[in-house]
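Listed here are the chains, written in short residue letters.
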Amino acid sequence: MPLTLADVGEENIIKKVGGAPEVKKHLESLGFVVGGGVTVIAAMGGNIIVSVKESRIAISKEMAQRITV
């Protein structure tokens, strides 16, 4: 399922990172790598705040749709 459908506060394992090569590279540089853990902290106004590799990152809903957990 896409990251946008993940429950708030529940840790998920990243199964796939999709999109164009430059988008995938950008997401991987932020810590979104296959096999890594990601937790949705909050979803507001079309943006999602996640915890990945002990950092909090805000990403757009469009970016979150490309991450499969």
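The rules behind each value
- Residues numbered from 1 in each chain as written.
- Predicted model: local features only at pLDDT ≥ 70, side-chain atom pairs only at ≥ 80, totals over all residues.
- Heavy atoms only, no water.
- Helix = DSSP H or I, 4+ residues; strand = E, 2+ residues; numbered from the N terminus.
- Polar contact = N/O pair within 3.5 Å; in protein donor to acceptor, adjacent residues only side chain to side chain.
- Contact = heavy atoms within 4.5 Å.
- Pairing = 2+ DSSP bridges.
- Axes fitted to C-alpha atoms, helices over the stretch in contact; angles between N-to-C directions.

## So, the side chain of N12
- Structurally, the position occupied by N12 is in strand β1 (residues 11-13).
- Of note is the side chain of N12, whose polar atom sits 3.0 Å from the backbone oxygen of E10.
- Apart from residues lying up to four places away in sequence, N12 is in contact with M1, A6, G36, G37, V38 and V69.

## Some details on the sheet that holds strand β5 (residues 55-60)
- Across the sheet, which stays open at both edges, the four strands sit in the order β1-β3-β4-β5 with antiparallel pairing between neighbours. In this open sheet, the two strands that pair with only one neighbour each are β1 and β5. Between one strand axis and the next, the sheet turns through 35° on average, direction left out of account.
- Relative to β5, strand β4 (residues 47-52) is paired through six bridges, and the arrangement is antiparallel. Within β5, the residue paired with V50 across the bridge is I57.

Just distances and angles here, no functional claims.
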